[in-house]
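# Reading the structure
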There are 2 protein chains.
Amino acid sequence: MTLKASKLAMVPFVSVDNMMRLVHHIGIETFIADLAREIEADFVRWELFDKTPRFGSHSDVGVIELMPTSDGTYYAFKYVNGHPKNMGEGLQTVTAFGVLSDVYSGYPVLFSEMTILTALRTAATSAMATKHLAAPGATTMAMIGNGAQSEFQCLALKAVCGIDTVRLYDIDPAATAKCVRNLTGLGLDIITCTTPEDAIEGAQVITVATADKDMQTILTDNMVGAGVHINAIGGDCPGKTELHRDIVARSSVFVEYPPQTRIEGEIQQMAPDHPVTELWQVITGAAKGRQSASEVTLFDGVGFAIEDFSALRYVHAQITDTPYYVDLDLVADPDDPRDLFGMIKRAG
Amino acid sequence: MTLKASKLAMVPFVSVDNMMRLVHHIGIETFIADLAREIEADFVRWELFDKTPRFGSHSDVGVIELMPTSDGTYYAFKYVNGHPKNMGEGLQTVTAFGVLSDVYSGYPVLFSEMTILTALRTAATSAMATKHLAAPGATTMAMIGNGAQSEFQCLALKAVCGIDTVRLYDIDPAATAKCVRNLTGLGLDIITCTTPEDAIEGAQVITVATADKDMQTILTDNMVGAGVHINAIGGDCPGKTELHRDIVARSSVFVEYPPQTRIEGEIQQMAPDHPVTELWQVITGAAKGRQSASEVTLFDGVGFAIEDFSALRYVHAQITDTPYYVDLDLVADPDDPRDLFGMIKRAG
């Protein structure tokens, strides 16, 4: 007897391969700009969402996290690991996958790779923050840390914020060379730099994305001039920061979800009541963003579940009538829902 | 260009169809008895595990939960919904899937349906509890509630505890008829009953598994005689119970993980410090189980993450060298782990 799964039992799955095809089908800059719009639309609805800091399981070598949220119509969660030592073993520091579900039935409606999707939504979120916080007319960014996230950050700021020049620095010149290779031909002026000081010269936006699981001071206070906007992306777990606390102290700090950022972000270096502004309130107009040309604004980005929710909902909408997914027989669906046992018995 | 996923990127997936084939390949009673042994072995290691109550997202019509745990070598989580109204719409009340991961790399090593697997592990857990708590020589059980979980409970107690006679009752005679049909020919004496009072007549073990999301009193105090063991399985979320509190009050109560059971189990009707014994301590000998022939023992089972962990690890071990899984291209795996962007670019 051949067992056929019913329609209800089938859950669309977007593999790594199909995610890459979908990205090329849509166009990577369009994809990122779309994501930034989707995330912004959900940040406007911020108060509707179930929100919680992510649930982490920590070991000596890394962390595995679950990041759920819901707007009452859809539920989404992401599984994501963070293992800085992986890179040295030929593995990804961060891998991820996620699920979108229908709140009304509890049934999953999408299962997707999210290693690529997380890179895209992280860049889209930085771009969204930069759009709202950087000084008007910014055209040059410094990209400090030229690892797996760097090209996405550069392209996102090009697509969403009008950045046309990127100044690259990494402690490892091979990482910078890789970043140059990948960005060549994509419409950006690329300048390679051999020191962080050189990289931030003339940049109105500084994005820092490094992956060490330590307190680092990639930027020190005297390096950061008036009026810049900083995206600090790499410090995203307890004990991992990138900026000297003096920079944080003299910046206006903008965050996603304070209960999570106070544990994971740059502000873990500061007092528990260090003043922060929630980014969603800047977007809705409930709070002020940049207030002067000389202000240093800091987006202390750690990544929040709503961004993954937005990304999964976007992918779910985009794959309809495309070949970029396969159906998985994931949900047992007996003819009589009380007859799970009978379904198994008859399959024998 | 055809994109081939590398070995590392592939994650074995056990579909509903393949889970049924695996169950038949192993034999359902053997499968349940194996699971009971695996769960027992992990309950002995209880103190090693990361433990937390499950993370629920509640709506008016149901709940979606994530249940993670780790022993430091493997990490597992289950996604499970509970939607009592689903049955009336032709859907499963409970559907589930889960993931087993390698703590050292953070990479997933198994993705599996768990609707069927949860039914099996829930029955295995009841059998494990019954083995340790019921009066010696029990041969007859009452099965109150003849829904999706009922046949699994009956077979588990046959396989693990030597039960040879089941007395079935459900408020809906069609459910009982379905249960009879499914259990016929599997080596049990089956007696159908038209009242709960009739069902528990002469039973040394009473298993209650009903699915209403309300405070119910499926059993009232005067129905329960001395010396019986009760498995209360169906009350597994806030606001959902099955037993009159007087039964709970005069029983010795055994639970999986108190912080979760106090929210979800029968003991949510009792004071927050109502005395309970942790089942793992009975198994290790650190706490006493049944202490007299007249004692009423109550396993207030709500299902705990360690049971899913055990089940996923068991399935992971069993599928090796079988055709009961397919590989999914779930983890992005660029040649150079820092070159995620380049992998996407080259796929274009």
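The numbers attached to residues start from 1 for each chain and follow its sequence in the written order. Chain letters and ligand numbers both follow the written order, the letters beginning at A and the numbers at 1. Local features in this predicted model are restricted to residues of pLDDT 70 or higher, and side-chain atom pairs are both shown and tallied only at a pLDDT of 80 or more, whereas totals for entire chains, interfaces and linings draw on every residue.

## Remarks on the overall build of chain A
Segments assigned H or I by DSSP are reported as helices when at least four residues long, segments assigned E as strands when at least two residues long, and all are numbered from the N terminus. Each helix and strand in chain A was counted, giving eleven helices and 17 strands. Counting only C-alpha atoms and orienting by the principal axes, one finds that chain A spans roughly 75 × 45 × 40 Å. Here a residue counts as buried when 20 or more other C-beta atoms sit within 10 Å of its C-beta, as exposed when there are 12 or fewer, and as partly exposed otherwise, the C-beta atoms being derived from the backbone. Going through the 348 residues of chain A one by one, you find that 59% of them count as buried. The contacts in chain A between residues at least 6 apart in sequence include a share of 72% that link residues at least 24 apart. Each residue gets a C-beta atom placed from its backbone, and two residues are in contact if those atoms lie within 7 Å.

## Section: the interface of chain B and chain A
Taken together, the contact pairs 69 residues of chain B with 70 residues of chain A. Residues are grouped as follows: Ala, Val, Leu, Ile, Met, Phe, Trp, Tyr, Cys and Pro are nonpolar; Asp, Glu, Lys and Arg are charged; all remaining types, including Gly, are polar. When grouped by side-chain class, the residues that make up the side of chain B that touches chain A number 37 nonpolar, 22 polar and ten charged.

## Quick word on the domain arrangement of chain A
Residues and elements named next belong to chain A. Annotation of chain A at the domain level lists domain 1 (7–116 + 306–346) and domain 2 (124–303). Every contact between the two is made by 19 residues of domain 1 and, on the other side, 23 residues of domain 2. Sorting elements by how many residues they give to the side of domain 1 that touches domain 2 places helix 2 (residues 28–44) first, with ten residues. Looking at side-chain class alone, the side of domain 1 that touches domain 2 contains twelve nonpolar, two polar and five charged residues. Note that the domain bounds were set by an automatic or database domain assignment.

## Observations concerning helix 5 (residues 173–183) of chain B
Regarding helix 5 of chain B, the residues found buried are B:Ala175, B:Thr176, B:Lys178, B:Cys179, B:Asn182 and B:Leu183. Within helix 5 of chain B, the buried residues cover an arc of 160 degrees as seen down the axis, which keeps them to one side. Along helix 5 of chain B, exposed side chains directed more than 90 degrees from the buried face belong to B:Pro173 and B:Ala174. Against helix 11 (340–346) of chain A together with helix 4 (150–161), strand 8 (165–169) and strand 9 (189–192) of chain B lie the buried residues of helix 5 of chain B. Where helix 5 of chain B terminates, the next one or two residues include B:Gly185, which has phi positive at roughly 85 degrees. Throughout, the arc means the angular range of directions from the helix axis out to the C-beta atoms.

## Points about the relation of the copies chain B and chain A
For this overlay, a least-squares fit was computed on C-alpha atoms, restricted to residues scoring pLDDT of at least 70 in both copies. Rotating chain B by 180 degrees about the axis while translating it 0.0 Å along that axis superimposes it on chain A, leaving an RMSD of 0.0 Å. Here the transformation between the copies is reduced to the relation of a two-fold axis. Both copies contact each other with a shared surface, as 100% of the interface residues of chain B are interface residues in chain A too.

## So, the nonpolar core
In these notes, a nonpolar core means any group of buried Ala, Val, Leu, Ile, Met, Phe, Trp, Tyr and Cys residues linked to one another through C-beta atoms within 7 Å. Residues A:Ile32, A:Ala127, B:Ile32, B:Leu120 and B:Ala127 are the most contacted members of the largest nonpolar core, which totals 232 residues. Dropping the residues within four chain positions of it, B:Ile32 is found in contact with B:Leu120, B:Ala123, B:Ala124, B:Ala127, B:Leu155, B:Ala156 and B:Ala159.

## Quick look at the sheet that holds strand 9 of chain B
Residue and element names in this part refer to chain B. If you walk across this open sheet you meet the eight strands as 9-8-7-10-12-16-14-15, and the pairing is parallel. Both edges of this open sheet fall to strand 9 and strand 15 (277–278), since each of them pairs with a single strand only. In short, DSSP must find at least two bridges between two strands for them to pair. In this sheet, strand 9 lies alongside strand 8 in parallel orientation, the contact comprising four bridges. Residue pairing for strand 9: Leu 168 is matched across the bridge by Thr 192. Helix axes are fitted to C-alpha atoms over the stretch in contact, other axes to C-alpha atoms as well, and angles between N-to-C directions run from 0 to 180 degrees. Packed on one face of the sheet, helix 3 (residues 115–133) meets strand 10 (205–208), strand 12 (229–232), strand 14 (252–255) and strand 16 (297–300) and runs near 160 degrees to strand 12. Its contacts with the sheet place helix 5 against strand 8 and strand 9, and it is angled at close to 155 degrees to strand 8.

## A look at helix 4 of chain B
All names here are of chain B. Helix span, as expected, comes to 1.5 Å for every residue beyond the first. The end-to-end C-alpha separation of helix 4 is 16 Å, in line with the 16 Å expected for twelve residues at 1.5 Å each. For helix 4, the tally of buried residues reaches twelve of twelve residues, placing the bulk of the element in the interior. Those residues of helix 4 that sit buried are Ser 150, Glu 151, Phe 152, Gln 153, Cys 154, Leu 155, Ala 156, Leu 157, Lys 158, Ala 159, Val 160 and Cys 161. Following helix 4 by one or two positions, Gly 162 adopts a phi angle in the positive range, close to 80 degrees.

## Focus on unusual backbone geometry
Note on backbone geometry: most residues besides glycine have negative phi, and most peptide bonds are trans. All names here are of chain A. Even without being glycine, Asp 321 reaches a positive phi, approximately 60 degrees. Among the secondary structure elements, Asp 321 is positioned in the loop between helix 10 (305–319) and strand 17 (326–329). For Asp 321, a count of 6 C-beta atoms within 10 Å translates into the label exposed.

## Things to note about the packing of helix 3 (residues 115–133) of chain A against helix 4 (residues 150–161) of chain A
All names here are of chain A. Here helix 3 crosses helix 4 at 45 degrees, and the two axes come no closer than 8 Å. Judged by the angle between their axes, helix 3 and helix 4 are oblique. Note that helix 3 runs across helix 4; the crossing there is right-handed. Here Ala 119, Leu 120, Thr 122, Ala 123, Ala 124, Ser 126, Ala 127, Met 128, Thr 130 and Lys 131 of helix 3 lie close against helix 4, whose contacting residues are Phe 152, Gln 153, Leu 155, Ala 156, Leu 157, Ala 159, Val 160 and Cys 161. Its residues assigned to classes, the contact of helix 3 with helix 4 comprises 13 nonpolar, four polar and one charged. Orientation is classified from the angle alone, with under 35 degrees giving roughly parallel, over 145 giving roughly antiparallel, 65 to 115 giving roughly perpendicular, and any other angle giving oblique. Two helices that cross are described as forming a left-handed crossing if the nearer one is turned anticlockwise from the farther one by less than a right angle, and a right-handed crossing if clockwise.

## Here we look at the pairing of strand 4 (residues 74–82) of chain B
Residue and element names in this part refer to chain B. Across the nine residues of strand 4, eight count as buried, placing the element largely inside the fold. Of the strand pairs in this sheet, strand 3 (residues 63–70) and strand 4 are connected by eight bridges, and their pairing is antiparallel. Of the residues in strand 4, the one forming a bridge with Met 67 is Lys 78. Pairing of strand 4 with strand 5 (residues 96–102) involves seven bridges; the strand directions are antiparallel. Counted as the bridge partner of Lys 78 is Gly 98 from strand 5.

## A closer look at the sheet that holds strand 10 (residues 205–208) of chain A
Residues and elements named next belong to chain A. With parallel pairing, the eight strands of this open sheet are ordered in space as 9-8-7-10-12-16-14-15. Unpaired on one side and paired on the other, strand 9 (189–192) and strand 15 (277–278) mark the two borders of the sheet. Here strand 14 (residues 252–255) pairs with strand 16 (residues 297–300) via three bridges, running parallel. Bridge pairing in strand 16 links Phe 254 to Phe 299. Those strands touched by helix 3 are strand 10, strand 12 (229–232), strand 14 and strand 16, and its axis lies near 160 degrees from that of strand 12.

## Concerning the environment of B:Ala311
Residues and elements named next belong to chain B. With respect to the secondary-structure elements, Ala 311 resides in helix 10 (residues 305–319). Measuring from C-alpha to C-alpha, the distance between Ala 311 and Ser 150 comes to 19 Å, with 161 residues separating the pair along the chain. Non-local contacts of Ala 311, meaning those with residues more than four positions away in its chain, are made with Leu 35, Leu 117, Leu 120 and Arg 121.

## Quick word on the packing of helix 3 of chain A against helix 10 of chain A
Residues and elements named next belong to chain A. Here helix 3 crosses helix 10 at 120 degrees, and the two axes come no closer than 10 Å. Helix 3 and helix 10 meet at a crossing whose hand is right-handed. Two secondary-structure elements touch here, helix 3 through Leu 117, Arg 121 and Thr 125 and helix 10 through Glu 307, Asp 308, Ala 311 and Val 315. In terms of residue class, the contact of helix 3 with helix 10 is made up of three nonpolar, one polar and three charged.

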